[in-house]
Amino acid sequence: MWLTQGDSTSVLRVLGVFPFSISFLQTLSIALGGEEQMEVYSVWAIPPETVRPRLKALMENLRNKFGGPEFGPHITMVGAIRLNRKDAIAKLVAASEGLKPIKCRISSVSKGTFFYQCIYLLVHPDDEVMEASRHCCGHFGYVSSSPYMPHLSLLYGDISEEEKDKAIEKAKALDNVIDQLEFEVSTLALYRTDTEDKTLESWELVADCKLRDGN
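Note that the structure is predicted; figures quoted are calculated from it, not measured.

About the cut-offs
- Residues numbered from 1 in each chain as written.
- Predicted model: local features only at pLDDT ≥ 70, side-chain atom pairs only at ≥ 80, totals over all residues.
- Heavy atoms only, no water.
- Core = buried A, V, L, I, M, F, W, Y, C linked by side-chain atoms within 4.5 Å.
- Buried < 20%, exposed > 50% of the residue type's maximum accessible area, 1.4 Å probe, protein only.
- Contact = heavy atoms within 4.5 Å.
- Helix = DSSP H or I, 4+ residues; strand = E, 2+ residues; numbered from the N terminus.
- Salt bridge = Lys/Arg side-chain N within 4 Å of Asp/Glu carboxyl O.
- 1 Å grid on protein atoms, 1.4 Å probe; cavity = no way out; pocket = protein on both sides within 12 Å on 5 of 7 lines; lining within 4 Å.
- Points joined across faces, edges and corners; volume = space filled by probe spheres on them.
- Nonpolar A, V, L, I, M, F, W, Y, C, P; charged D, E, K, R; others polar.

**Let's talk about the nonpolar core**
- Among the nonpolar cores identified, the biggest contains 59 residues, and Met77, Ile102, Leu154, Phe183, Leu188 and Leu190 are the most heavily contacted of them.
- Apart from the residues within four sequence positions on either side, phenylalanine 183 is in contact with Pro47, Pro48, Val51, Ile75, Ile102, Lys103, Cys104, Ile106 and Leu152.

**Considering unusual backbone geometry**
- Here leucine 200, not a glycine, exhibits a phi torsion of approximately 65°, which is positive.
- Its place among the elements puts leucine 200 in the loop between strand S8 (187-192) and strand S9 (204-210).

**Side note on the pattern of salt bridges**
- According to the stated counting rule, one finds 16 salt bridges in the structure shown.
- For glutamate 161, the salt bridge identified is with lysine 111, shortest N-O distance 3.1 Å. Here lysine 111 lies in strand S4 (residues 102-111) and glutamate 161 lies in helix H6 (residues 161-174), a separation of 50 residues in the sequence.
- With relative accessibility at 31%, the residue lysine 111 sits in the partly exposed group.
- The closest approach of N and O atoms between lysine 166 and glutamate 163, which form a salt bridge, is 3.6 Å. With lysine 166 and glutamate 163 both in helix H6, this residue pair falls 3 residues apart, about one helical turn.
- Residue lysine 166 is classed as partly exposed on the basis of its relative accessible area of 43%.
- Given the relative accessible area of 26%, glutamate 163 is considered partly exposed.

**With respect to the layout of surface pockets**
- Estimates place the volume of the largest pocket at around 720 Å³.
- Around the largest pocket, the lining is made up of 29 residues, and of these Thr76, Gly79, Gln117, Tyr142 and His151 lie nearest the centre.
- Put simply, the parts of the chain that give the lining of the largest pocket at least two residues each are strand S2 (38-46), strand S3 (75-84), helix H5 (127-140) and strand S6 (151-155).
- Looking at the lining of the largest pocket element by element, the count peaks at 6 residues for S3.
- Looking at the lining of the largest pocket residue by residue, the class counts come to 16 nonpolar, 12 polar and 1 charged.
- What the second largest pocket holds in volume is close to 220 Å³.

Right, here's the structure in full:
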């Protein structure tokens, strides 16, 4: 697991992958300072490097045409929840240790009704994907106010329905087989995601964990 906390990045990466207990990580995070503050975090499933450039190129093209902030490709496993940093990291580690890589299938390019679900790739709600989210939400104590809809956002924004339809057509024209995309997620990432900040300038990667077949 690699933790990134400002200037401490290089120090933390030296620690390697999972050689330490959660209690050690908690002690370390306290020593780094500032972790007791309650902030908003989310857990993202990160697509593999084999498909990430393709997704980023599509997202950049849509952003250049329709505006919106820049963010990385991801499927949200746990929605925005307020925690202190050391607890959030500990929960991510615990959730990751009990989870295998997740197979994902894209089913369509779709639109939503609010800023953070403007244009997205709908992920087929296979049992494996749905159970992964339930597993992570259980570790984080997160209860959603609406049914889980797995998706990979392409564009954030407040645009008209007409513009959303144009964006969907643009996405299909740029990559006419994107709705056939399949990949396996082997990384879970903890992000600080203040949903009040629609510029996303305050959003940051806090920690990530590799999922292993042996879990």
